[in-house]
Amino acid sequence: MFTVSESEAETIRQAFHERGEWSAVVELRRLFPVFANNPEALRCVRAIAGWQPLPEAATAPPKVTPLRRRKPAEPQP
């Protein structure tokens, strides 16, 4: 398992779209030397190349609605 920053993902996507998937594999292996075999690196490159940025609405924090206090319950006779 590894974590890819947005700048690293952009570098990989740029290599993928401009020079092809094997160039993106080279970039991935340059950034993450842990990859020893090309088939696994190629699988990761294809996944990273398919990532889409989140829409703006999804990155904004949700609105918080303040709760109102309930009136105390009336005593039962």
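Rules of the game
Residues numbered from 1 in each chain as written. Predicted model: local features only at pLDDT ≥ 70, side-chain atom pairs only at ≥ 80, totals over all residues. Heavy atoms only, no water. Core = buried A, V, L, I, M, F, W, Y, C linked by side-chain atoms within 4.5 Å. Buried < 20%, exposed > 50% of the residue type's maximum accessible area, 1.4 Å probe, protein only. Helix = DSSP H or I, 4+ residues; strand = E, 2+ residues; numbered from the N terminus. Phe/Tyr/Trp six-rings, centres within 6.5 Å; stacked < 30°, edge-to-face > 60°.

**Quick word on the nonpolar core**
Next, step 1: By size, the foremost hydrophobic cluster in this structure holds 14 residues, and its most contacted members are I12, L28, F35, V45 and I48.
Next, step 2: Secondary-structure elements contributing two or more residues to this core are α1 (6–19), α2 (21–31) and α3 (38–49).
Next, step 3: Sorting elements by how many residues they give to this core places α3 first, with five residues.

**Brief notes about the environment of A47**
Next, step 1: For A47, the location among the structural elements is in helix α3.
Next, step 2: Spatially, the C-alpha atoms of A47 and R13 are 9.9 Å apart, while their sequence positions differ by 34 residues.

**A few points about the packing of aromatic side chains**
Next, step 1: What the rule picks out here adds up to two aromatic pairs.
Next, step 2: For the ring pair F2 and F32, a centre distance of 5.0 Å and an interplane angle of 55 degrees mean the geometry is tilted. Placement of the pair is F2 in the segment before α1 and F32 in the loop between α2 and α3, with a sequence separation of 30 residues.
Next, step 3: With a relative accessible area of 31%, F2 lands in the partly exposed category.
Next, step 4: The exposure class assigned to F32 is buried, which follows from its relative accessible area of 11%.
Next, step 5: Geometrically, the ring pair formed by F2 and F35 is edge-to-face, given 5.2 Å between the ring centres and 90 degrees between the ring planes. Here the residue F2 occupies a position in the segment before α1, and F35 occupies one in the loop between α2 and α3, the gap between them amounting to 33 residues.
Next, step 6: The class of F35 is buried, set by a relative accessible area of 8%.
Next, step 7: These aromatic residues form a ring-pair network of at least three members: F2, F32 and F35.

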